Structure formats: structure tokens, C-alpha cells
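Observations on the three-dimensional arrangement
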Amino acid sequence: MKKVGIFYILFFLSLQVYSQFWKESHVSGSFENNSQYYLTDEKIRFHPLNSKAATNNYLKLDYQYKFIRAGIQYEAYLPQLLGFYSKLEGHRLANRYLGFITNKYRFKVGNFYEQFGSGLVLRAYEDRALGINTALDGAKFEWLPNSII
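Anyway, here's the lowdown on the structure attached to this text. In this text the structure is predicted, and so the values were computed from the model without any measurement. (Residues numbered from 1 in each chain as written. Predicted model: local features only at pLDDT ≥ 70, side-chain atom pairs only at ≥ 80, totals over all residues. Heavy atoms only, no water.)

A few words now on the environment of alanine 76. Mapped onto the elements of the fold, alanine 76 is located in strand S3 (residues 68-77). A residue is classified by how much of its surface remains accessible, and alanine 76, at 10% relative accessible area, is buried. Between the C-alpha atom of alanine 76 and that of alanine 94, which follows or precedes it by 18 residues, the distance is 9.5 Å. In this structure, alanine 76 is in contact with Thr55, Asn56, Asn57, Gly90 and His91, ignoring residues within four places of it in sequence. (Helix = DSSP H or I, 4+ residues; strand = E, 2+ residues; numbered from the N terminus. Buried < 20%, exposed > 50% of the residue type's maximum accessible area, 1.4 Å probe, protein only. Contact = heavy atoms within 4.5 Å.)

Structure representation (C-alpha cells):
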């Protein structure tokens, strides 16, 4: 009987801690799937090479707890769609980051996108439909002295 009572006490304490933790945190994400099924076409002499089906998948997860933020992007090309780079086949962790944000400072380590001006000098972006991901890997620090600047 004592063991059952101890179990219930620990169970409800863990729920209380769990619920307090999730009140201040936020999880978000997205999943994208682009798939194609290829058929043989004698008129244009198209024959699927290795596989009749191809798929590109992207899973993005972001987590925020108070002023700390973290995120990952996982990609799977099983196999990649026709027209995409052949070395993309497989799955991998493509992007990741960890950072913190306050009213005056922003700091991020990992992969991030940035554009300087109109993008002629520096532009890092992602366009999944074209297979472009030019994310920068490193550290980024921003100082916001006031709301005017």
C-alpha cells in the first residue's frame, strides 16, 4: 500500500512540473512531401531509371522556452525527384540552430538565412521547389540599441 501511495505522489508531482514547463514553452513545426510516380512513355522515349516513384520530404521543428530558441530541419530524398542533384539521395539533418532573443540582443549559432540590402552582395535563402538551400553556417549576433534603429 505504501508503494502505491508513493507512486501516486511522484506521478502527480511530475505532472505538475511537466505542466509548469510547457506553460512557458512553445513547439511548432511543419512537414512537406513532394512525390511523383513515373510511367514509361514510348512517344517521348522516357523510361524511369531506377525507381518508378520518387519523393522529397522535409521536416522542420522549432522549440522556444522563454528567450531560448532551437530548431532542426531534417530532409529525406527517397530517391530524389528527377531534376534534383543525384547526391541528395538519402536522409540527413540539413539545418540546426540554437539561439536566444531579448529586447536588445539576438544571438544564433548554427544555420541561418540572411540578406544584405537587396541581396546583390549577400543573400542566403531556401527554395525547395528548385532544390536551393544556401543557408549560412556560423554565428550571428544582433544588437538593437532602441526601437528607432
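Below, the discussion takes up the packing of aromatic side chains. Using the criterion set out here, one finds three aromatic pairs in the structure. Seen from their ring centres, tyrosine 58 and tyrosine 77 are 5.9 Å apart, and the 85° between their planes marks the pair as edge-to-face. Remark: tyrosine 77 occurs in strand S3 and tyrosine 58 occurs in strand S2 (residues 53-65); sequence separation between them is 19 residues. Under the relative-accessibility criterion, tyrosine 58 is labelled buried at 3%. (Phe/Tyr/Trp six-rings, centres within 6.5 Å; stacked < 30°, edge-to-face > 60°.)

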